[in-house]
Amino acid sequence: SPMQLYMHSMCDSKGSFFSHKSLIFKCLFNRLKEEEVFKEFCSQLKHLLELGLPVVGVTGHHHIHMLPVVAPATLRLMKKFDLTYFRVMGDLEHPFSWLQTKLFKHIYGLQERGVEFEPTGYLLSKNLKTKDHFARKLKKGKGEALLVHPATENDFTALGIKDSLRDYRVKEFE
């Protein structure tokens, strides 16, 4: 649930956030209010800081921080709280995310704003076929972080997206 009240573009009549799929749709069709997103982000960040947790930058699940409406709110948040770290995908093996990052950096002129990028690789099912495949992926990444979704739940199912890594990750818990 949101920390802010009356987030009409983000919440249903009961005050709960809309589903992930609905929020993505609203982002893409400019039906989310940037000011509501910004206020909610500020409330969540202030809460983390009040708990004594260090916050140095921004990352978002499913690249939500890079979507229209959310991105400008994210950049405002970074400026307000003096955050300079921004996770971006820099992995050519995941072309959609790589292209999204290139466009995002260009559209928002992030390098001119002094934003530091943390390039992140994508761990794909082909990288887990053997230990050699995995080792090659690590060497290609030159020490960059690898993004892997948790194995305990598959949030892609609700979106109707096939998550080829889930089966590999679930094996880790067996």
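Heads up: the structure comes first, above all this text.
Please read these numbers as outputs of a predicted model, since none were measured by experiment.

Criteria and cut-off values
- Residues numbered from 1 in each chain as written.
- Predicted model: local features only at pLDDT ≥ 70, side-chain atom pairs only at ≥ 80, totals over all residues.
- Heavy atoms only, no water.
- Phe/Tyr/Trp six-rings, centres within 6.5 Å; stacked < 30°, edge-to-face > 60°.
- Buried < 20%, exposed > 50% of the residue type's maximum accessible area, 1.4 Å probe, protein only.
- Lys NZ or Arg CZ within 6 Å of the ring centre and 35° of its normal.
- Helix = DSSP H or I, 4+ residues; strand = E, 2+ residues; numbered from the N terminus.
- Contact = heavy atoms within 4.5 Å.
- Pairing = 2+ DSSP bridges.
- Expected span 1.5 Å × (residues − 1).
- Arc of directions from axis to C-beta.

(A) Molecular detail of the packing of aromatic side chains. Under the defined criterion, the tally for this structure stands at one aromatic pair. A centroid spacing of 4.6 Å and a plane angle of 40 degrees characterise the contact between Phe-25 and Phe-29, whose relative ring orientation is tilted. Its relative accessible area of 41% is what places Phe-25 among the partly exposed residues. Among the residues examined, Phe-29 registers a relative accessible area of 53% and is labelled exposed. The aromatic ring of Phe-38 is capped on one face by Arg-76, whose charged end is 3.8 Å from the ring centroid.

(B) Local environment of helix α3 (residues 70–80). Where α3 is concerned, the buried positions are Val-70, Ala-71, Ala-73, Thr-74, Leu-75, Leu-77 and Met-78. Here the buried face of α3 lies against α1 (20–28), α2 (34–50), β1 (57–58), β2 (85–89) and α4 (95–108). Downstream of α3 by one or two residues, Asp-82 has phi in the positive range, about 55 degrees.

(C) Region of the structure containing the environment of Phe-38. Looking at the secondary structure, you find Phe-38 in helix α2. For Phe-38, a relative accessible area of 9% corresponds to the buried category. Along the backbone, Phe-38 and Val-70 are 32 residues apart, and their C-alpha atoms lie at a distance of 7.9 Å. With residues near it in sequence (within four places) discarded, Phe-38 still touches Ala-73, Arg-76, Leu-77 and Lys-80.

(D) Seen up close, the pairing of β2. When you tally the buried positions in β2, you get four out of five residues, the bulk of the element. Bridge analysis of β1 against β2 gives two bridges, and the strand direction is parallel. Of the residues in β2, the one forming a bridge with Val-58 is Phe-86.

(E) Representation of α4. Look at α4: 20 Å from first C-alpha to last across 14 residues, which is about the 20 Å you get at 1.5 Å a residue. Regarding α4, the residues found buried are Ser-97, Gln-100, Thr-101, Phe-104 and Lys-105. Buried residues of α4, viewed axially, fall in a sector of 130 degrees; they line one side. Seen from the open side of α4, the exposed residues pointing more than 90 degrees away from its buried face are Pro-95, Phe-96, His-106 and Ile-107. Positive phi appears at Gly-109, one or two residues downstream of α4, with a value of about 55 degrees.

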